[in-house]
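# Coordinate inspection notes
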Amino acid sequence: MPGEPAKRQKREAYKSSVESEEQQAALPKKKFYRQRAHANPFSDHCLAYPKSPKDMDWASHYPAYAVQHDSAVRTEDESHDAAQVSSRRAISKPVEIADIGCGYGGLLFALAPRFPDTLMLGMEIRISVTEYVQEKVRALRTQNAATNGFQNVSCIRANTMKFLPNFFSKHQLSKIFLCFPDPHFKQRKHKARIVSYTLSSEYAYVLRPGGIVYTITDVEDLHRWMVEHLEKHPSFERIGEEEQEQDECVHIMRSETEEGKKVTRNGGQKFVACFRRVEDPPWP
Amino acid sequence: MALPYSCIEACRLSTNGADEWALIAASGTRLVVQSSSGAYTTWPPASGSAVGDTEAEGPPGKKIKLSDPSENTSNFSCLALTHDQKHIIAVTAEDKCIRVFRIDTEFQLQQLSQRCMTRRPCAIAMTSDDSTILCADKFGDVYSLPLLPGPEDEQIRSPSVEQSEAAGEKAFVPAASVLTVHSGRNRRVLEEQLKQAAKGPKKPKEGPTFKHDLLLGHVSMLTDIAYANVNGRSYIITADRDEHIRVSRGPPQAHIIEGFCYGHESFVSRLCLVGPDRLVSGGGDPDLFVWDWTNFELLGKLHLRDAVLRFLREQPDLAARVPEDANSFRIAVSGIWHVPSEANEILAACEGIPALFSFRIGISSTAEQCIVLTGNALDVTFIRQSQTGCTAVVSVDNVHVRVSTTERREAEATSRLEYFSYRPGGQWEQDAETGRAFERISQSGGHADKEASLMTSTTGSEKALGAILYGIENLRKRPDSDD
Ligand SMILES: C[S@@+](CC[C@H](N)C(=O)[O-])C[C@H]1O[C@@H](n2cnc3c(N)ncnc32)[C@H](O)[C@@H]1O
């Protein structure tokens with residue numbers, strides 16, 4: 001959504017100043033990246049997304065993990081398409097954690113130092129919000145250059161409800177976070193919710209058996225909705241309370257997400273539910 | 001004057017030991033049937049010869065009347081034959097209904113059931129045992145329905161999760177609490193909900209009460225669906241407007257995604273299985289894609305747009321339609337058909353193009369032959385006769401100018417169907433003999449009744465007719481600035 005001209009100009013000026021050398025280490029200012037709260041997950045947008053997970057240029061997101069190649073990587077299907085030489089570079093390990101609808105990235109920036117050897121990706125549909133997280137990644141990498149900190153975190157603009165399987169291959173992920181998703185209160189908008197029986201199949205596809213879907217919300221009805229739909233899905237089983245509370249990710253999710261902090265300030269309740277992806281049964 | 005046939009199916013009937021063929025074609029709100037021996041019937045039946053079989057199956061003493069077929073005002077958008085050729089499943093677009101007809105020995109169609117879905121069905125497929133209809137809809141969901149509704153469907157089913165998801169028929173629960181963090185908009189919704197709660201729960205929207213189970217779903221309009229059985233394993237393949245081809249397990253494990261066939265860069269509109277392990281897909285891209293779909297591997301591409309361009313350039317009346325920059329020319333695949341008598345021969349059609357293109361999969365990536373038609377290709381079905389081999393019956397647009405999807409002809413073409421037989425050695429030739437046998441259904445003149453309004457060229461009727469015949473190019477994304 002374009003802002004009013006003056007506001008947009010200021011934002012542009014600000015963003016180009018971020019490009020300059022001395023600004024590299026400065027954290028981005030949120031006020032320049034705010035955007036209307038709701039994006040329509042059904043509309044076409046002008047999204048860029050890879051044709052397939054193999055087409056994803058991961059090295060530009062995780063340059064510290066880039067694998068140097070003398071010649072371009074060729075995959076099977078490309079051999080039929082010799083004209084199409086790919087510029088993408090591989091990385092030494094795959095992304096394993098996805099934060100879906102990551103917002104301003106609070107969860108990711110808390111998780112990154114806790115799991116320094118695990119690559120994680122925030123996925124966000126709102127363009128300015130994505131840019132904010134990307135700028136913050138850049139600043140934190142510069143600030144932490146000595147320790148190589150935050151090289152394992154990145155963010156991408158994506159409508160995950162449509163294109164999750166374009167980014168991740170089968171069983172690639174070990175954790176998916178769905179933190180404070182938009183509730184879409186109106187009944188007719190329920191298909192817009194980020195959890196549904198049918199979307200759970202896509203989460204199960206990108207998650208490896210044993211992998212976990214983490215959900216948290218302050219809207220009790222949405223919590224019940226997510227539990228109902230994920231529990232109903234044969235690929236998931238709910239994780240018991242005891243095990244849930246032993247998982248440090250649950251505590252980070254409660255305390256470090258922007259929404260989680262807001263709810264704490266307002267004295268609200270937070271509802272958590274985690275689900276393990278089970279093995280696929282044998283064919284009937 | 002008559003509407004073109006938007007869909008056509010051929011079925012073989014064995015009567016008294018002799019094989020007979022019948023063509024079943026959809027034209028607007030009507031179905032027309034003609035057998036090779038000349039029997040000719042329509043649905044709804046021509047007035048005067050009302051058929052008594054308009055009651056749905058239900059428990060004795062509790063029969064429900066189906067709506068009077070002569071009142072059908074919805075246009076047929078989809079036809080599918082059961083494998084045993086005893087039933088034909090038809091979708092009517094405006095009322096979102098799946099209708100099942102029995103094809104009786106007199107070639108009368110008897111409507112056995114009429115089930116209206118919540119969302120418009122876009123494509124249907126039958127499981128190989130004919131027990132189940134798979135219905136892919138505009139909202140991206142796939143439902144399974146028994147071929148015929150059973151008596152248990154009379155009981156009001158308790159809404160399952162799936163149903164509440166689709167129809168939103170849950171009892172009212174305030175979605176937000178006062179402690180919820182609110183945006184301005186959410187706060188307004190909450191206020192409204194609380195007001196509504198004070199007035200008592202809103203009457204939940206009635207979802208369908210017949211058995212229909214949600215199997216899987218995309219967050220994108222589905223365009224086609226295929227069911228396959230390979231080495232004892234069943235699969236559902238679905239295609240969507242966002243370039244995806246998804247391979248899921250068949251019921252009862254349809255919630256498991258086995259993989260995706262990645263590669264299309266525009267919408268996918270048609271899937272065609274060729275033998276057990278080959279799949280051909282097409283849509284808004286210049287090429288058809290050939291897949292080893294059980295391994296999700298792209299085997300090659302068939303250059304359909306090149307063939308269309310070559311065809312247009314060779315036609316004196318159409319050459320002007322080729323843009324100067326041929327790369328800007330776009331095709332929208334409206335049909336891919338496997339020729340049943342051949343292992344690897346397919347025919348393909350593009351919206352608004354008066355030709356069919358034949359390809360031999362695994363042999364060449366360029367078209368073998370271009371079959372020139374008298375009107376834009378609409379649908380194809382096949383008749384297999386012992387004497388003449390395989391005949392393709394092609395429904396053509398008799399009312400629009402060739403290559404146009406909007407411009408009316410001055411004089412209507414004389415035939416709505418064309419016939420081509422496959423000669424061993426690989427050429428398609430006009431099949432006049434079969435054409436004569438099916439003259440009555442092919443004729444363009446004849447019954448001008450209800451459809452007459454669609455035939456007069458007004459803006460309204462033009463739009464309505466366009467919606468019936470041509471909807472594929474509309475699937476293409478127009479970059480919008482909504483972010
Ligand atoms: C209420 S915010 C929560 C942000 C963050 N997870 C937190 O807990 O602070 C929900 C976010 O999901 C994003 N979102 C909604 N639908 C999405 C989709 N289909 N794909 C990616 N992001 C989406 C919204 O833009 C929004 O930023």
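Thresholds applied
Residues numbered from 1 in each chain as written. Chains lettered and ligands numbered in written order. Predicted model: local features only at pLDDT ≥ 70, side-chain atom pairs only at ≥ 80, totals over all residues. Heavy atoms only, no water. UniProt positions renumbered as here; feature names shortened; annotations may be inferred. Buried < 20%, exposed > 50% of the residue type's maximum accessible area, 1.4 Å probe, protein only. Helix = DSSP H or I, 4+ residues; strand = E, 2+ residues; numbered from the N terminus. Contact = heavy atoms within 4.5 Å. Arc of directions from axis to C-beta. Pairing = 2+ DSSP bridges. Axes fitted to C-alpha atoms, helices over the stretch in contact; angles between N-to-C directions. Near = heavy atom within 4 Å. Polar contact = N/O pair within 3.5 Å; in protein donor to acceptor, adjacent residues only side chain to side chain. Areas by Shrake-Rupley, 256 points an atom, 1.4 Å probe, with all protein chains shown as cover.

- In the nomenclature of an unreviewed UniProt entry, chain B is known as Guanine-N(7)--methyltransferase subunit TRM82 of Westerdykella ornata.
- Per UniProt, chain B carries the Pathway (unreviewed entry) text "tRNA modification; N(7)-methylguanine-tRNA biosynthesis."
- Here is the UniProt Sequence similarities (unreviewed entry) comment for chain B, exactly as written: "Belongs to the WD repeat TRM82 family."

- Identification of chain A as tRNA (guanine-N(7)-)-methyltransferase from Westerdykella ornata is taken from an unreviewed UniProt entry.
- Regarding chain A, the UniProt comment filed under Catalytic activity (unreviewed entry) reads as follows: "guanosine(46) in tRNA + S-adenosyl-L-methionine = N(7)-methylguanosine(46) in tRNA + S-adenosyl-L-homocysteine".

## Thoughts on helix α3 (residues 304-314) of chain B
- Leu304, Arg305, Ala307, Val308, Leu309, Phe311 and Leu312 of chain B are the residues of α3 of chain B that are buried.
- In this structure, the buried side of α3 of chain B is in contact with β19 (288-292), β20 (297-302), β21 (333-338), β22 (345-350), β23 (355-360) and β24 (369-372) of chain B.

## Thoughts on helix α7 (residues 459-469) of chain B
Residues and elements named next belong to chain B.
- Taken residue by residue, α7 has Ser461, Glu462, Leu465, Gly466, Ile468 and Leu469 as its buried positions. For α7, the arc enclosing every buried residue in end-on projection is 160 degrees, short of the 170-degree limit, so these residues lie on one face. Turned more than 90 degrees off the buried face of α7, the exposed positions are Thr459, Gly460, Lys463 and Ala467.

## Focus on the sheet that holds β22 of chain B
Residues and elements named next belong to chain B.
- Taken in spatial order, the four strands make up an open sheet running β21-β22-β23-β24, and their pairing is antiparallel. A single partner strand is all that each edge strand has here, and the edge strands are β21 and β24. When strand polarity is set aside, the average angle formed by the axes of neighbouring strands in this sheet is 25 degrees.
- Note: β22 against β23, four bridges, orientation antiparallel. Across the sheet, residue Glu345 finds its bridge partner in β23, namely Arg360.
- Packed onto the sheet, α3 meets β21, β22, β23 and β24 and runs at close to 135 degrees relative to β23.

## A look at the site of the ligand
Residues and elements named next belong to chain A.
- Near the ligand lie 19 residues; those nearest to it are Gly101, Glu124, Arg126, Asn159 and Cys179.
- Between Gly101 and the ligand, the recorded distance is 2.8 Å, taken from a backbone N or O atom to a nitrogen atom.
- The side chain of Asn159 places a nitrogen or oxygen atom 2.8 Å from a nitrogen atom of the ligand.
- When the free accessible area of the ligand is taken as 610 Å², the share hidden by the protein chains comes to 92%.
- When residues of the shell around the ligand are traced back to their parent elements, those giving at least two are β2 (119-124), α4 (160-167) and α9 (258-265).

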